[in-house]
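Residue-level listing of the chains:
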Amino acid sequence: MRHYAAAITELKDSEVTEWIAAKRSEYEIVKAHATRCEVWITNRNFNRSNELDTFRTQRYEAIKEKLVDLGWKMEIERLAKEFWHDEPVKLVNHKLVKQPKPLTERIWTNIKDTLIQFMVDYKARRLVREYKLMIRKRGIVLAKVMEEYAASQPLHDIFPPMPDIASLLAFREIIEDTPAEEEVTQDHFQGPMADYPMIAMEWRKSKDELLVKLINDHPDTTGNATLVTLRYAKTFFHCNNCGEPISYPRILVHRCNTKIGRFSTVDPDLDKYFEYLEERPWNHQGRVIKYDHLFSKRAEDILGDCELDLTIRNSELTEKDLRFECQLCESPNEGRWIMNWPAVMDHIHDSHTFGDSAEKTGFIKQAPFNFDELRLLYILEWLQSCPLSQSYEHYSSWVCRQCKRKVPWSACLEHYAKSHPGIIPDELTSFEHNRSPDRFMALHLDAARSLVGTTIQMNVDNPFHSYRKVLLSYEAFRYSSIGVDELARDMADSLLSPSTEGEDDFSDTEGLLAT
């Protein structure tokens, strides 16, 4: 730039324009030449790249031909087609194959053993994958056979999980020993399934006895528990996986009992078998559940504080339809904290297991209500558990009353139309279906706690706040609370309108939700 500046200063004014034009012309010539050079180098690199790819392809084809001669044709074809996340590299990308060098006999002699070992390792991994897939598919067939039997039985009858049955010799032989090229169908299991009712009864008996033994073996119990003890409302077990306190009979169908995980046994082959089935037997190795003496004692204290029989059963508490309230959690703004029995111990577990309240007693009491409080409570409970909330809990908590299979609530009408045509009237709307959730579906015994146990923060003097609290749990307001205040205010105004006992308190609320 200094050179050009010096040159310009030496020129007369009339010569500057000509000088600039000359320099611009020189620049255009250089620029055009540079463009031609760039095109030339790009083409040269492209041609060289194609040349190297040709050399690599020729080497790959030559190596393939060598391996085919050694009997690896089928494996090479499969390796070229398959894609698995656990395959570290394909043959074409192997470092000894992907080289732009001709394959000479000397080079082949040097790399042959390494590539043969590569093919041996691939074949071993492939066989494991195919065996795992075979076991899983046959386990699914067995599960379908068991589901069909369960569909013919009462709604909440409890049956063994699929892995418990698949571990029995008669069933395991079908799953493992049937030739791989033979497709296993439901007919293969018809023979051993003849004994299934007796097997299921013995399984249930053995698990009940095991649960009683867990209670009696605890050092802080009297050792006098019986099968009747399992049904007491005060009896709780602890899941080591999710940490929940779980009552009976839910403990028999709790999802964590068969969830696959890292576990060991004296029979390593058995571990792989369950890994391939993607489930494990109920409470495998006794590692999943234990008797929860702490929560059982706290439940007993609560029943005593509420002047209820300590031997009352869960079914009896459900029939009484009692409500309890936590006096520690009550506040002027939030109002009363109301729960049904299934929610009481969940509340204790979540809010009063640690800290100062862990040692306190006597703060859970039976809840008295006047008419206005009871009216608000029923509406809030309905709102909280209503399938219109579209919460995730509704996905895995429902079973079809016809076939007893788990069906997401949102897929219920479609499921019935496809699997049980004619049972649900065509004119039934989704909204009408939501109003009667137990007509065609039933809650699973291990349903989400928010659907079985209802916990309501209720302030009859400020119903707007109570409605807003419940509505904010709805899917529609999960990412934005726009509109929730208006809806809650409309519901509160509807509640405050004159009402008499016996009226349908849900009609106005349902109409607002539908809108």
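To be clear, the structure that these remarks concern was listed above.
Every value quoted in this text rests on a predicted model; they were computed, and no experiment measured them. (Residues numbered from 1 in each chain as written. Predicted model: local features only at pLDDT ≥ 70, side-chain atom pairs only at ≥ 80, totals over all residues. Heavy atoms only, no water.)

Chemist: Help me understand the overall build of the chain in this model?
Modeler: Helix and strand counts for the chain come out as 20 helices and nine strands. Put simply, 67% of the contacts in the chain that link residues at least 6 apart link residues at least 24 apart. Within the structure as shown, the chain displays about 29,700 Å² of accessible surface, and the carbon and sulfur contribution to it stands at 52%. (Helix = DSSP H or I, 4+ residues; strand = E, 2+ residues; numbered from the N terminus. Contact = heavy atoms within 4.5 Å. Areas by Shrake-Rupley, 256 points an atom, 1.4 Å probe, with all protein chains shown as cover.)

Chemist: Help me understand the packing of aromatic side chains, please; the structure alone is not making it clear to me.
Modeler: The way to describe two aromatic rings as a pair is by their centre distance and the angle between their planes. With the rule as written, the count across this model stands at 11 aromatic pairs. Measuring from ring centre to ring centre gives 4.6 Å for Trp 398 and Trp 409, while their planes differ by 50°; the resulting arrangement is tilted. Remark: Trp 409 occurs in the loop between strand S7 (398-400) and helix H15 (412-419) and Trp 398 occurs in strand S7; sequence separation between them is 11 residues. Since its relative accessible area comes to 6%, Trp 409 is described here as buried. An aromatic cluster is built from Tyr 149, Phe 159 and Tyr 196, whose rings are joined through pairwise contacts. (Phe/Tyr/Trp six-rings, centres within 6.5 Å; stacked < 30°, edge-to-face > 60°. Buried < 20%, exposed > 50% of the residue type's maximum accessible area, 1.4 Å probe, protein only.)

Chemist: Explanation requested: the packing of helix H4 (residues 105-151) against helix H6 (residues 169-177) in the structure shown.
Modeler: A pair of packed helices is captured by two measures, namely the crossing angle of their axes and the spacing between those axes. Following both chains from N to C, one finds H4 and H6 inclined at 135°, their axes separated by 9 Å at the closest point. By the angle between their axes, H4 is oblique relative to H6. Here H4 runs over H6; the crossing is right-handed. Counted together, Tyr 131, Met 134, Ile 135, Arg 138 and Leu 142 of H4 and Phe 171, Ile 174, Ile 175 and Glu 176 of H6 form the full contact between these two elements. Considered class by class, the residues forming the contact of H4 with H6 number seven nonpolar, no polar and two charged. (Axes fitted to C-alpha atoms, helices over the stretch in contact; angles between N-to-C directions. Parallel < 35°, antiparallel > 145°, perpendicular 65-115°, else oblique. Left-handed = near helix turned anticlockwise from the far one by under 90°. Nonpolar A, V, L, I, M, F, W, Y, C, P; charged D, E, K, R; others polar.)

Chemist: How should the side chain of Arg 126 be read in this particular structure?
Modeler: Mapped onto the elements of the fold, Arg 126 is located in helix H4. With a relative accessible area of 3%, Arg 126 lands in the buried category. Beyond its immediate sequence surroundings of up to four residues, Arg 126 is in contact with Met 74, Glu 75, Arg 78 and Glu 82.

Chemist: I would appreciate a short explanation of the pairing of strand S5 (residues 336-339) in the present structure.
Modeler: Here S5 shows two buried faces, one formed by Arg 336 and Ile 338 and the other by Trp 337 and Met 339. Relative to S5, strand S4 (residues 324-326) runs antiparallel, the two being bridged by two bridges. The residue bridging Glu 325 from the neighbouring strand is Ile 338, located in S5. (Pairing = 2+ DSSP bridges.)

Chemist: I keep staring at the environment of Thr 311 and nothing clicks. Help me out?
Modeler: Here Thr 311 is to be found in the loop between helix H11 (293-305) and helix H12 (314-320). Measuring from C-alpha to C-alpha, the distance between Thr 311 and Val 228 comes to 9.2 Å, with 83 residues separating the pair along the chain. In this structure Thr 311 touches Tyr 232 and Glu 316, once residues within four positions along its chain are discounted.

Chemist: Quick question: what am I supposed to make of the packing of H11 against helix H13 (residues 341-351) here?
Modeler: Put simply, H11 and H13 touch, their axes get as near as 11 Å, and they point 125° apart. Overall, the two elements H11 and H13 adopt an arrangement that is oblique. Crossing angle aside, the handedness with which H11 passes H13 is right-handed. Where H11 abuts H13, its residues Phe 295, Arg 298, Ala 299, Ile 302 and Leu 303 lie against Trp 341, Val 344, Met 345, Ile 348 and His 349. Of the residues that constitute the contact of H11 with H13, the class distribution is eight nonpolar, one polar and one charged.

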